[in-house]
Amino acid sequence: MSVLICGGAGYIGSHNVRAFKAHGEDVIVADNLETGHRASVSADVKFYEGDIRDSSFLDKVFTENKIEAVIHFCAYSLVGESMEDPLKYFDNNVGGMITLLEAMKRHDVKRIIFSSTAATYGEPKRVPILETDPTEPTNPYGESKRIMEKMMNWVSMRHDIRYVSLRYFNVAGAWHDGTIGEDHRHETHLIPLILQVPLGKREHITVYGDDYPTKDGTCIRDYIHVEDLAKAHILALEYLRSGGKSDIFNLGSGDGYSVMEMITAARKVTGHPIPAEIGARRPGDPARLIADSAKAHEILHWKPEITRMEDIIATAWKWHKSHPNGYAD
């Protein structure tokens, strides 16, 4: 039996492909390569290029393979873009989930692990955030992910397709040997943006606001290494295999780092001064976002192992130094 990883050529998806293979799983990848990179998936992995909104494409994948479970990473994920073009996000994210669940129902596939997000919570009422806290997304991206979770819940009750939804906080880092990493065509993530300075791609990093109610005035976020994240997906599948019920889990370190602390850590790792300039706040940026991941620790037996920020950034730096132009190198 095989595990189908939808979106397996993306940043998080490709690291999961690598981790699932290392775990001894037979992996199949489906990706339309709109934001993913074929080079991020090794040639020995069975690869289907296509869009999961295409039911005939999915029927081909499910018919040609004995698929036990689906790991679902196919989604647009830029908050700002979702505000500018919400229908694009609902069409791709929600529409893709509808077509995928219909295909799973047709082909009697009963397990799905879903890539969700802390954006489902919106502005947190308290920190650290629990899975039981209110979900009031403040952008179409977070709203689309919450809708997808609700869809899985209703389908689970009617068709016995059990799911685990993993709500990530900030994912960072790269595979330990530097062979795969983060390469977005339009980069918005903090660590790659910081590392563009020592790579000579920008003169400074802009810090959006230094007057938040935090220790140094800059926003605080919870970071999780991408390999630790991949281990959580493996544990989630094992949980479902052992009869676990459908459920939702936060994934984070439980610790928070400010933007300035991230820049300081990157200076240590790279040996570069990395000049920083203060800009205006971005609308909707909460001061602190930190996960309570006790539920994942207790039920999935998951605990992050790479937690020092210098260690997380060091893996990202190893990738970016050897691939300054991403997969184009």
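Residues numbered from 1 in each chain as written. Predicted model: local features only at pLDDT ≥ 70, side-chain atom pairs only at ≥ 80, totals over all residues. Heavy atoms only, no water.

Asks: Before we move on, could you go through the overall build of the protein chain and cite the residues and values that matter?
Replies: Helix and strand counts for the protein chain come out as 10 helices and 14 strands. Against the 2.2 N^0.38 benchmark of 20 Å for 329 residues, the protein chain shows a C-alpha radius of gyration of 19 Å, consistent with a compact globule. The dimensions of the protein chain, computed from C-alpha atoms along their principal axes, are 55 × 45 × 40 Å. Each of the 329 residues in the protein chain was classed as buried or not, and the buried ones make up 55%. Residue pairs in contact within the protein chain that sit at least 24 positions apart in sequence constitute 77% of those at least 6 positions apart. Carbon together with sulfur atoms contributes 50% to the accessible area of the protein chain, which is approximately 14100 Å² in total. Charge centroids of the protein chain, computed over 38 positive and 47 negative side chains, lie 3 Å from each other. (Helix = DSSP H or I, 4+ residues; strand = E, 2+ residues; numbered from the N terminus. Rg over C-alpha atoms; globule rule 2.2 N^0.38 Å. Buried < 20%, exposed > 50% of the residue type's maximum accessible area, 1.4 Å probe, protein only. Contact = heavy atoms within 4.5 Å. Areas by Shrake-Rupley, 256 points an atom, 1.4 Å probe, with all protein chains shown as cover. Lys, Arg positive; Asp, Glu negative; His and termini not counted. Charge placed at Lys NZ, Arg CZ, Asp CG, Glu CD.)

Asks: Can you tell me about the packing of aromatic side chains, naming the residues and giving the values?
Replies: For any pair of aromatic rings, the description rests on two quantities: the centre-to-centre distance and the angle between the ring planes. Going through the model one piece at a time under the given rule, you end up with three aromatic pairs. A centroid spacing of 5.5 Å and a plane angle of 55° characterise the contact between Tyr 76 and Tyr 89, whose relative ring orientation is tilted. You can see Tyr 76 sitting in the loop between strand S4 (67-72) and helix H3 (79-84) and its partner Tyr 89 sitting in helix H4 (residues 86-106), a full 13 residues away along the chain. Tyr 89 shares its class with Tyr 76; the two are buried. (Phe/Tyr/Trp six-rings, centres within 6.5 Å; stacked < 30°, edge-to-face > 60°.)

Asks: How would you sum up the environment of Asp 210? Please name residues and give values.
Replies: Mapping Asp 210 onto the fold places it in the loop between strand S8 (205-208) and strand S9 (220-221). Residue Asp 210 is classed as partly exposed on the basis of its relative accessible area of 42%. Sequence-wise, Asp 210 and Gly 173 are 37 residues apart; in three dimensions their C-alpha atoms are separated by 25 Å. If we skip the residues at most four places from it in the chain, Asp 210 touches Asp 216, Gly 217, Thr 218 and Ile 278.

Asks: Can you explain the nonpolar core? Please cite residues and give values.
Replies: In a soluble, globular protein the nonpolar side chains are often hidden away together inside. Counting residues in each nonpolar core, the largest one holds 41 residues, and the members touching the most others are Ile 5, Phe 20, Val 164, Leu 166, Tyr 168, Val 171 and Leu 251. For this core, the secondary-structure elements that each account for two or more residues are strand S1 (2-6), helix H1 (11-22), strand S2 (27-31), S4, strand S6 (162-168), helix H7 (226-241), strand S11 (247-251) and helix H9 (294-300). The element best represented in this core is H7, accounting for nine residues. Counting 28 residues, the second largest nonpolar core, distinct from the first, contains Leu 4, Leu 100, Met 104 and Met 148. (Core = buried A, V, L, I, M, F, W, Y, C linked by side-chain atoms within 4.5 Å.)

Asks: So what's going on with the packing of H4 against helix H5 (residues 140-159)? Residues and values would help.
Replies: Relative orientation of the contacting elements H4 and H5 amounts to 20°, with a least axis distance of 9 Å. Of the possible angle classes, the one that applies to H4 and H5 is roughly parallel. In this structure, H4 crosses over H5, and the sense of that crossing is right-handed. Residues Pro 86, Tyr 89, Phe 90, Asn 93, Val 94, Met 97, Ile 98, Leu 101 and Lys 105 of H4 pack against Pro 140, Tyr 141, Glu 143, Ser 144, Ile 147, Met 148, Met 151, Met 152, Val 155 and His 159 of H5. Classifying every residue of the contact of H4 with H5 gives 14 nonpolar, three polar and two charged. (Axes fitted to C-alpha atoms, helices over the stretch in contact; angles between N-to-C directions. Parallel < 35°, antiparallel > 145°, perpendicular 65-115°, else oblique. Left-handed = near helix turned anticlockwise from the far one by under 90°. Nonpolar A, V, L, I, M, F, W, Y, C, P; charged D, E, K, R; others polar.)

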